[in-house]
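Architecture and fold: a report
Here's the letter readout for the chains.
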Amino acid sequence: MELFRRIFGEKDSQQRVGLFVDGPNVLRSEFDVDLDEVRDIAVEYGPMALTRLYVDQNASPGLIQAAEARGFEVRTTSGDVDVRLAVDATDAVASGQIDVLVVASRDTDFKPALEVAAREGVKTVAIAPGEYGRSDALRNAAEDAVTL
């Protein structure tokens, strides 16, 4: 039955979802993104196994506190946020922690992570912060795409 669901895209309430949010590319004033809305979209695919927000060292303490209060695990990096997010997402897929990979970003750097997930039989979802912030390459690499 699981193979049937994965092949035909039927949503399964038992699928474990990993949400990976690219903070610097999504949480920008021009997009006015609500983290609760992003999480609510991911929850539609099943229970959350991982809910992560990636930020750089310049993220405000208020943002970090607000994200943690909403159930996000905040990962702060002094280097490239994209690399850390892509490695963590790919690791979650490879280690079998998730059945659905949801990436919220406007950055095409995550296309390879979505492609690896799809090859491994993991459902992929791309969330764009808005029409202006949408990456067609990312949207095309994902099975499902949502624009906020």
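Since we're looking at a predicted model, the values are computed, not measured. (Residues numbered from 1 in each chain as written. Predicted model: local features only at pLDDT ≥ 70, side-chain atom pairs only at ≥ 80, totals over all residues. Heavy atoms only, no water.)

1. With respect to the pairing of strand β5 (residues 123-128)
The element β5 is largely enclosed, with a buried count of six among its six residues. Neither face of β5 is open: one carries Lys123, Val125 and Ile127, the other Thr124, Ala126 and Ala128, and all of them are buried. Summarising the sheet, strand β4 (residues 100-104) and β5 pair through five bridges and their orientation is parallel. Bridge pairing in β5 places Val102 opposite Val125. With helix α6 (residues 111-119) bridging β4 and its parallel neighbour β5, the resulting β-α-β unit is right-handed. Both β5 and strand β6 (residues 144-147) contribute to a ladder of four bridges, which runs parallel. Across the sheet, the residue bridging to Ala126 is Ala145, located in β6. (Buried < 20%, exposed > 50% of the residue type's maximum accessible area, 1.4 Å probe, protein only. Helix = DSSP H or I, 4+ residues; strand = E, 2+ residues; numbered from the N terminus. Pairing = 2+ DSSP bridges. Right-handed = clockwise from strand over helix to strand, strands pointing away.)

2. With respect to the pattern of salt bridges
Two side chains bearing opposite charge may form a pair once their charged atoms approach each other closely. The final tally for this structure, using the stated rule, is 13 salt bridges. One salt bridge connects Arg75 with Asp88, and the closest N-O pair in it is separated by 2.8 Å. Taken together, the residues Arg75 in strand β3 (residues 73-77) and Asp88 in helix α5 (residues 81-94) connect sequence positions 13 residues apart. Exposure remark for Arg75: the relative accessible area of 18% places this residue in the buried category. Connected through shared salt-bridge partners, Arg52, Glu73, Arg75, Arg84 and Asp88 make up one network. (Salt bridge = Lys/Arg side-chain N within 4 Å of Asp/Glu carboxyl O.)

3. Concerning α6
Within α6 the residues assigned to the buried category are Ala113, Leu114 and Ala117. Buried residues along α6 cover an arc of 100° about the axis, so they all sit on one side. Residues of α6 that are buried sit in contact with α5, β4, β5 and α7 (136-141). Directly after α6, the chain includes Gly121, whose backbone phi takes a positive value near 85°. (Arc of directions from axis to C-beta. Contact = heavy atoms within 4.5 Å.)

4. Focus on the side chain of Ser135
Examined against the element boundaries, Ser135 turns out to sit in the loop between β5 and α7. Taking relative accessible area as the criterion, Ser135 reaches 7% and is therefore assigned buried. There is a polar contact of 3.1 Å between the side chain of Ser135 and the backbone nitrogen of Leu138. (Polar contact = N/O pair within 3.5 Å; in protein donor to acceptor, adjacent residues only side chain to side chain.)

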